[in-house]
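# Working through the structure, step by step
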Amino acid sequence: MPEGDTIFRAARTLQRALAGKNVTGFESVFPHLTRIHEDAPITGRTVESVSASGKHLLMAFTGDLILRTHMRMNGSWHIYRPGETWQRSRRDMRIVVTTADFVAVGFSIPVAEWVRGREISRHAELGKLGPDLLAEHFDEEEAKRRVRGRGDSAIADVLLNQRVMAGIGNVYKSEVLFACRVDPFALVSRLSDEQVSCLVTTARKFLRANVSEKLAAMTTYLGFRKTTRRDDPSERLWAYGRVGDPCRRCGSLIKIAKQGRDARLTYWCPTCQS
Ligand SMILES: [Zn+2]
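What you are looking at is a predicted structure, and each value in this text was computed from that prediction instead of being measured. (Residues numbered from 1 in each chain as written. Predicted model: local features only at pLDDT ≥ 70, side-chain atom pairs only at ≥ 80, totals over all residues. Heavy atoms only, no water.)

## A closer look at the sheet that holds strand β3 (residues 56-61)
Where we set the bar: Between any two strands, pairing holds if DSSP finds at least two bridges. A helix here means a DSSP run of H or I that spans at least four residues, while a strand means a run of E at least two residues long, and both kinds are numbered starting from the N terminus. Each axis is a line fitted through C-alpha atoms, taken for helices only over the stretch in contact, and angles between the N-to-C directions span 0 to 180 degrees. Contacts are residue-level and defined by heavy atoms, with any inter-residue pair within 4.5 Å sufficient.
Taken together, the 4 strands give an open sheet; going across it, the order is β2-β3-β4-β8, and neighbouring strands pair in antiparallel fashion. Strands at the two margins of the open sheet, each flanked by one partner only, are β2 (47-53) and β8 (111-115). Across the sheet, the mean angle from the axis of one strand to that of its neighbour is 15°, orientation sign disregarded. Direction of pairing for β3 relative to strand β4 (residues 65-70): antiparallel, over a ladder of 6 bridges. Bridge pairing links Ala60 to Ile66 in β4. Sitting on the sheet, helix α1 (residues 4-18) touches β2 and β3, and the angle it makes with β2 is about 170°. Where helix α2 (residues 31-39) meets the sheet, it contacts β4 and β8, and its direction lies at approximately 30° from that of β8.

## With respect to the coordination of the zinc ion
Applicable threshold: For Na, K and Ca the donor cut-off is 3.2 Å, and for all other metals it is 2.8 Å, counting N, O and S atoms only; because water is absent from this set, sites may look incomplete. All geometry calls rest on donor angles, where a four-donor set with angles between 85 and 135 degrees is tetrahedral, four- and six-donor sets with opposite donors more than 155 degrees apart and all others between 65 and 115 are square planar and octahedral, and all else is irregular.
In this structure, Cys247 (SG), Cys250 (SG), Cys269 (SG) and Cys272 (SG) serve as the protein donors to the zinc ion, at separations of 2.3 to 2.4 Å. In this structure, the zinc ion is surrounded by 4 donor atoms whose angles at the metal cover 101 to 113°, and the resulting shape is tetrahedral. We note that the donor set of the zinc ion lies within a single chain, spaced as C-x2-C-x18-C-x2-C. Of the two residues, Cys250 sits in the loop between α6 (193-209) and β9 (255-259) while Cys269 sits in the segment after β10 (264-268), which places them 19 residues apart along the sequence.

## A closer look at the pairing of β4
Counted only if it meets this: Accessible area is worked out with a 1.4 Å probe on protein chains only. A residue is then buried under 20% of its type maximum, exposed over 50%, and partly exposed in between.
Buried residues dominate β4, accounting for 6 of its 6 residues. Taking the residues between adjacent antiparallel strands as the criterion, β3 and β4 are bridged by 3 residues, where Gly63 takes a positive phi near 90°. Note that β4 and β8 share 5 bridges and pair antiparallel. Across the sheet, residue Arg68 finds its bridge partner in β8, namely Glu113.

## Structural notes on the packing of helix α3 (residues 140-148) against α6
Inclusion rule: An angle below 35 degrees is treated as roughly parallel, one above 145 as roughly antiparallel, one from 65 to 115 as roughly perpendicular, and anything else as oblique. Crossings are sorted by hand: turned counterclockwise from the far helix by less than a right angle, the near helix makes the crossing left-handed, and turned clockwise it makes it right-handed. Under the scheme applied here, ten amino acids are nonpolar (Ala, Val, Leu, Ile, Met, Phe, Trp, Tyr, Cys and Pro), four are charged (Asp, Glu, Lys and Arg), and all others, including Gly, are polar.
With their axes 10 Å apart at the nearest point, α3 and α6 run at an angle of 120° to one another. By the angle between their axes, α3 is oblique relative to α6. The hand of the α3/α6 crossing is right-handed. Contact with α3, carried on its side by Glu140, Ala143, Lys144, Val147 and Arg148, involves Asp193, Val196, Ser197, Val200 and Thr201 of α6 and no other residues of that element. Partitioning the contact of α3 with α6 into residue classes produces 4 nonpolar, 2 polar and 4 charged.

Structural data, given as structure tokens:
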């Protein structure tokens, strides 16, 4: 599943390309999206803004219409110049928004719907998101309070819960736990305040570091991501994806296990994080 930083970068790229621009074409394979388009065309509206809310991407059009998309595992937005060859198959196309200068294409997007601006706050998913780790103003105390509110859950599962904090996916889950030397299987009630504080501040630090302007590209799908401050592709992460490799701190072999209701993979060092 894309992490919050991927969606944030996608939104920023789309915002730069599309905001303030007149829509000259709209296309989708989703009947529930095109139905609105037939009744009240998207063509002719202006793109007001594109933003990220946790892992949701919100594209707002004039006339109080917001396109909410969620990428789940394989979805992504690309942006092309008119006539440019797409990097993914047309079969994977789900949504196309065209302006005079750019074509935004949503590929393999599983979740898409129209939302009215006034509906956002009581939206079943959007309204319940926890503090957004990539938001300009992040409510750290509220995030810590929400983590603490899940005392009988394993911390790794809590970090993935978007109602606790919005933005962490499976990569950052393992990386943040490693950085703070926290056992992924520990119940939240067993953690110290320092540990909870470390997890929240490190999650924000890692996510923000990975949306820095230097990484901006015109394609919005996953580029590289790092937490170690090293540029070598094989050295960019502490634990994630490194099962059987030596821990970068102590040399113990990194372990892997499926964890939680969705059996998401967790990578950790059994020595540093015990
Ligand atoms: Zn270690």
